[in-house]
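Chain by chain, the residues:
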Amino acid sequence: MKIAVVGTGYVGLVSGTCFAETGVEVTCVDIDKNKVEKMQNGIVPIYEPGLDLLFHRNIEQGRLKFTTSLEEGIKDAEVIFLALPTPPGADGAADLQYVLRVADDLGKMLDHYAVVVDKSTVPVGTGEKVQAAIAANATVDFDVVSNPEFLREGVAVEDFMKPDRVVIGSTSDKAAKIMDRLYEPLVRSGNPIIHMDLRSAELTKYAANSFLATKITFMNEIANMCELLGADVDLVRKGIGTDSRIGNRFLFAGIGYGGSCFPKDVSALAMSANEVDYDFRILKAVMDVNHKQKTKLMAKVSQYFDGDLKGKKIALWGLAFKPETDDIREAPALYNIEALLAAGAEVVCYDPEAMENVQGVMGDKITFAANEYAALEGADALMIMTEWQLFRTPDFDKIRKALKNPAIFDGRNLYSVENMREQGFYYTSIGRKDA
Ligand code: NAD
C-alpha cells in the first residue's frame, strides 16, 4: 500500500513514520524546505521519544520518503492524509486556509482514485468543504474521510501504534474498507475502529479535547478552593480519582493547560457554538479560568516580593508546555516570562528540550542556562513550570546553596510540602498549604 502524508509536523511525521513501520510505503510532503532537507538528511526535526529509531529504520528500508512536491508525494497514493495546521484565526475559530489550499491543489493534481483523509482537527462541516474544493477541479473519483488524531505529544509514537480507538468518519464503504486495512495492524489487541458519519467524527475530536480541558480546569478550580479553605488538592485528587466514574487521569492541578491543541480546540468549539447560536457556557468558563490560572504562580511570586520584582533574578525550570516535548505553543512558561519581564525581573531558564524554540521567540530577552543548577546561581527564587522527570528528585542542598534566597514556587506540585519545610525552603505550590 502506498500513502502520502501532507504536513510533516508532530502529527504528520509521527503518523507517516508509524504507518511505514507497519509495511506501508509513505511519502511525507511539507512546504517547509528546511524541514524536508533535514529529514532527507536523516535528521528528525522535532523531539518525540521513540521516533528516532522508527524514522531511521524506515528510511533505511526505503519505506519513508520526504518531498516538498505535492504532485510527487501523491503519485500512486491510495490514501492522502492532510496533517496540516489549523491554528486559531483572529476570532478564535479554526483557520482552514492550509487545509483548503491543499484540497484545491489536490483537485487539480489527482489522476487516480484516492481517499483524502482529514487528520487535522477541523470544525464540523470541513469535510464537506474539502470535498467541494477538490471536486471543483477533479477529473477522477475520490472520497473524503475524517480521521481525527488523538495522539499526545511526548508519547505520540506509543499512542499512534496502540490507539485507544480509531475514529473514521465516512459515508463511502470503499473508503472505510481502505482505512480499516491501513489501521488493522494498530488495533490487533482489540481496541475498536469506530465508524461514523463525517460530522460526528469531526465533533468527536473537539468533544474529547474540550472535555479533557474542562476536567483539568475543574481540578484547578478545586485547587484554588483548597488554598482558600485550607485543604490539600493532592489528597482531594486521590479521594475522587479512585472513583471509577471519575478516573484518576487528568486530575492534576497546576498552572493551566497549554500546548498546540487544548487552547485552540476549546476556542474553536466555542466559536462553532456561536455560529449556530448556541451558548456553550462551560467552554467560556474553561477559557476564562485557564487564562487566569496560567499566571497564578507569577501572582504568588509578586506577592512574596511585596509587588516589587525590579532587578530580581528569577530562575525558571521548564519551558515546554508539558514534559517530553520541545513544543512551546501556548506554554504557561511563556506567559510567566512575559509577566516577569514586564515587572522588571531578570529571567534565567533551563529546559532539557525546549530552549532552542524559546530562544527563537524570545531572543536575548532572557538567559538560557547549561543545566538546571546553573540556572539557579544567584537567583532570588526558583519557579517550576514543567514537570520534567529530571526536576522530580533534585539535590536540594545544591539548590539552597545556589539560590540567593531559598524560595521555590512550584506550578506542578512536584515536592512534598513536609519535605520542603524540613529542608528550610519557602515553598508554595498549587492547591496546597505553603511551607
Ligand atoms: P505542526 O505545525 O507541527 O505541523 C504542520 C506541518 O504542516 C508543518 O510542518 C508545516 O510546514 C506543514 N504545512 C503547512 N502548510 C503546508 C502545505 N500547504 N503543504 C504541506 N505542508 C504544509 O502541526 P501539528 O501539531 O502536527 O498539528 C496538525 C494538525 O493535527 C492540527 O490540526 C492539530 O490540531 C492536529 N492535532 C495535533 C496534535 C498534537 O499533539 N500536535 C494532536 C492531535 C491533533
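The structure displayed is predicted, hence computed values, not measured ones. (Residues numbered from 1 in each chain as written. Predicted model: local features only at pLDDT ≥ 70, side-chain atom pairs only at ≥ 80, totals over all residues. Heavy atoms only, no water.)

With respect to unusual backbone geometry
Here the phi dihedral of Phe 250 falls at roughly 60 degrees; this positive angle occurs in a residue that is not glycine. Take Phe 250: it is sitting in the loop between α10 (233-241) and α11 (262-275). Backbone geometry places Asn 413, a non-glycine residue, at a positive phi of 50 degrees. Along the chain, Asn 413 falls in the loop between β13 (407-410) and α17 (417-422). (Helix = DSSP H or I, 4+ residues; strand = E, 2+ residues; numbered from the N terminus.)

What about a nonpolar patch on the surface?
On the surface, a nonpolar cluster with roughly 380 Å² of combined accessible area is contributed by Met 225, Leu 228 and Leu 229. Relative to the elements of secondary structure, Leu 228 occurs in helix α9 (residues 198-229). (Patch = residues over 30% accessible without salt bridge, like charges linked within 9 Å, V, L, I, M, F, W, Y side chains within 5 Å. Areas by Shrake-Rupley, 256 points an atom, 1.4 Å probe, with all protein chains shown as cover. Salt bridge = Lys/Arg side-chain N within 4 Å of Asp/Glu carboxyl O.)

Focus: the nonpolar core
Judged by nonpolar contacts, the single largest core of 62 residues is most densely connected at Ile 314 and Leu 316. Counting residues domain by domain, this core receives three or more from each of domain 2 (205-292) and domain 3 (295-428). Residues within four places of Leu 316 in sequence aside, it is in contact with Ala 333, Ile 337, Leu 340, Val 347, Val 348, Cys 349, Tyr 350, Leu 382, Met 383 and Met 385. In terms of nonpolar packing, the next biggest core, distinct from the first, is built from 40 residues, Tyr 10, Cys 28, Leu 54 and Val 117 among them. (Core = buried A, V, L, I, M, F, W, Y, C linked by side-chain atoms within 4.5 Å. Buried < 20%, exposed > 50% of the residue type's maximum accessible area, 1.4 Å probe, protein only. Domains from an automatic or database assignment. Contact = heavy atoms within 4.5 Å.)

Points about the side chain of Arg 412
Looking at where Arg 412 falls in the secondary structure, it is placed in the loop between β13 and α17. On the basis of relative accessible area, Arg 412 is assigned to the buried category, the value being 15%. Not counting residues within four places of it along the chain, the set of residues in contact with Arg 412 comprises Gly 254, Ile 255, Gly 256, Phe 321, Pro 332, Ile 384, Met 385, Thr 386 and Glu 387.

Describing helix α3 (residues 51-60)
Those residues of α3 that fall on the buried side of the exposure criterion are Leu 51, Leu 54, Phe 55 and Asn 58. The arc enclosing the buried residues of α3, seen along the axis, measures out at 100 degrees, which places them on a common side. Pointing more than 90 degrees away from the buried face of α3 are the exposed residues Leu 53 and Glu 60. For α3, the elements touching its buried residues are α1 (10-21), α2 (33-40), β3 (64-67) and α7 (156-161). A positive backbone phi angle near 75 degrees is found at Gly 62, which sits one or two residues after α3. (Arc of directions from axis to C-beta.)

This is a description of form; function is not addressed.
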